[in-house]
Amino acid sequence: MFNRLRVSCALAAVVLTGAAAPAVAQPALPRVHMVATGGTISNRDGGRLSAEDLATSMPGLERAATLTYEQFLNVASSQITLEQWLQLARRVNELFAKDQGLAGIVVTSGTDTLEETAFFLHLTVRDPRPVVVVGSMRNPSTLGYEGAANLLEGVRVAAEPTARGKGVLVVLNDEVNSARDVTKTDALRLQTFRSPTHGVLGIVDRDRVTLFRDLLQRHTAKSEFDVTRLTALPRVEVVMVYQGATADVIKAIVDLGAKGIVMAGAGAGATSGDQNAGLDYAAEKGVFIVTATRTGAGRIAPNRGGQGGPGGPNGPATVTPAQQRRRAFSVSSEDHIPVKARILLMLALATTSNRDEIQRIFSEY
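A few points on the structure. (Residues numbered from 1 in each chain as written. Predicted model: local features only at pLDDT ≥ 70, side-chain atom pairs only at ≥ 80, totals over all residues. Heavy atoms only, no water.)

Let us look at the overall build of the protein. Tallying secondary structure elements over the protein gives 10 helices and 14 strands in all. Counting the 365 residues in the protein, one finds 49% classified as buried. Contacts in the protein between residues far apart in sequence, at least 24 positions, make up 73% of those at least 6 positions apart. Carbon and sulfur atoms provide 52% of the accessible area of the protein, an area that totals close to 16900 Å². (Helix = DSSP H or I, 4+ residues; strand = E, 2+ residues; numbered from the N terminus. Buried < 20%, exposed > 50% of the residue type's maximum accessible area, 1.4 Å probe, protein only. Contact = heavy atoms within 4.5 Å. Areas by Shrake-Rupley, 256 points an atom, 1.4 Å probe, with all protein chains shown as cover.)

Listed below in structure tokens is the structure:
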């Protein structure tokens, strides 16, 4: 009561004497760093926008964060190489290691393969602070360009304390999705990025960022994948299952040096045509086979005996010697879609050649 009265009397004195009220110190804005890699968000007619152009395009940025930036690349997302992925992950890790006061990092990307770049960073950035990947569906020369709005929302999420520990996030169209779950679902629409099974992680409204849940699978600070000295990723290819598919495609991939194959299986992992013969050939050559589904959603569970099998993860109980060997190189993708299963398998194979360890990785991430 006394403290409230003393404040009231002091304010009254200020009013009566005309004295100026004491200045109230404003808290320092969180610091966010932007790493620009190009994509539609930068692809203006006549020349690409630079990182500086993007940084100055956001009205209201001065109320959200103090932004620094750099131009890492300026290309379409489909032109980014695996070596540049490794360089990007090392750069993000370096930025966090050198600046403990940095709140978060925003990475701009083209949307065509944005979900892949985001998931790779989700597995290889080893810091709890948020990394937010943003892009746009319309280019800067198009009516309705949403790039500046998406970028500002990405900065706000990167600066948001509750985003810490949630892994790499994808922010477009006022929504926050986990890099683990999100996928591009439409070639043109603004609402293309969705997490079909698990839903959005949060939303970005005018007044604040709201995040709804945590992610229990391993990622970022808890990841075992260290790319510090990794100079290349093992070759892994994705093979689609379709009616009457042939084994020769699989055999060619193996002969060309693939270390792993992800099968985008029909339904819960079925193959077609004579693909099983191709997979037996792959196993004979020591190539790992991950069974995923081409449906876009659904979990492929490991075989009850702990191994995948021919014709899907739950193959027949009685198997030939060739099928038994294939089981020794078969892994179930859990709920990872084929393109993300490929990324996880590449990192797993860079770490281990033990089949049980690879299955553990798919189960934990």
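In this section: the environment of Q191. As for its placement among the helices and strands, Q191 is situated in the loop between β7 (183-184) and β8 (193-194). We classify Q191 as partly exposed; its relative accessible area is 36%. Each C-alpha atom of the pair Q191 and N173 lies 6.2 Å from the other, and the pair is 18 residues apart in sequence. Residues within four places of Q191 in sequence aside, it is in contact with N173 and T185.

Across the sheet, eight strands lie side by side as β2-β1-β3-β4-β5-β6-β9-β10; this open sheet has mixed pairing. Among the strands making up the open sheet, the edge pair consists of β2 (66-75) and β10 (209-211). Neighbour to neighbour, the strand axes of the sheet diverge by 20° on average, direction disregarded. Pairing of strand β1 (residues 31-38) with β2 involves seven bridges; the strand directions are parallel. Of the residues in β2, the one forming a bridge with A36 is Q71. Here helix α3 (residues 82-98) sits on the sheet and contacts β1, β2, β3 (104-108) and β4 (131-134); the angle it forms with β2, its principal contact strand, is near 165°. Along the sheet, helix α5 (residues 147-158) makes contact with β1, β2, β3, β4, β5 (168-172), β6 (175-178), β9 (202-204) and β10, crossing β3 at roughly 155°. (Pairing = 2+ DSSP bridges. Axes fitted to C-alpha atoms, helices over the stretch in contact; angles between N-to-C directions.)

Another point: the sheet that holds strand β13 (residues 288-293). One open sheet holds the four strands; their spatial order is β11-β12-β13-β14, and the pairing between them is parallel. Sheet topology places β11 (236-240) and β14 (330-332) at the edges, where each strand pairs with a single neighbour. With direction set aside, neighbouring strand axes in the sheet form an average angle of 25°. Of the strand pairs in this sheet, strand β12 (residues 260-265) and β13 are connected by six bridges, and their pairing is parallel. Looking at β13, one finds that V262 is bridged to V290. Helix-sheet contacts for helix α6 (residues 247-255) involve β11 and β12, and the interaxial angle to β12 is about 155°. Packed on one face of the sheet, helix α10 (residues 355-364) meets β13 and β14 and runs near 15° to β14.

This brings us to helix α9 (residues 338-349). The end-to-end C-alpha distance of α9 is 16 Å, a good match for the 16 Å that 12 residues give at a rise of 1.5 Å each. Where burial is concerned, most of α9 is hidden: 11 out of the 12 residues are buried. The complete set of buried residues in α9 reads P338, K340, A341, R342, I343, L344, L345, M346, L347, A348 and L349. Contact partners of the buried residues in α9: α3, α4 (114-124), β11, β12, β13 and α10. (Expected span 1.5 Å × (residues − 1).)

With that out of the way, let us pick up the layout of surface pockets. Estimated volume of the largest pocket: approximately 330 Å³. Taken together, 14 residues form the lining of the largest pocket, with R63, A64, R156, R206 and D207 sitting closest to its centre. Element by element, the count of residues in the lining of the largest pocket is highest for α5, at four residues. The residue makeup of the lining of the largest pocket, split by class, is six nonpolar, one polar and seven charged. A volume near 190 Å³ is recorded for the second largest pocket. Surrounding the second largest pocket, 16 residues form its lining, D181, T197, H198, D335 and I337 being those nearest its centre. Of the residues contributing to the lining of the second largest pocket, the split by class is four nonpolar, seven polar and five charged. (1 Å grid on protein atoms, 1.4 Å probe; cavity = no way out; pocket = protein on both sides within 12 Å on 5 of 7 lines; lining within 4 Å. Points joined across faces, edges and corners; volume = space filled by probe spheres on them. Nonpolar A, V, L, I, M, F, W, Y, C, P; charged D, E, K, R; others polar.)

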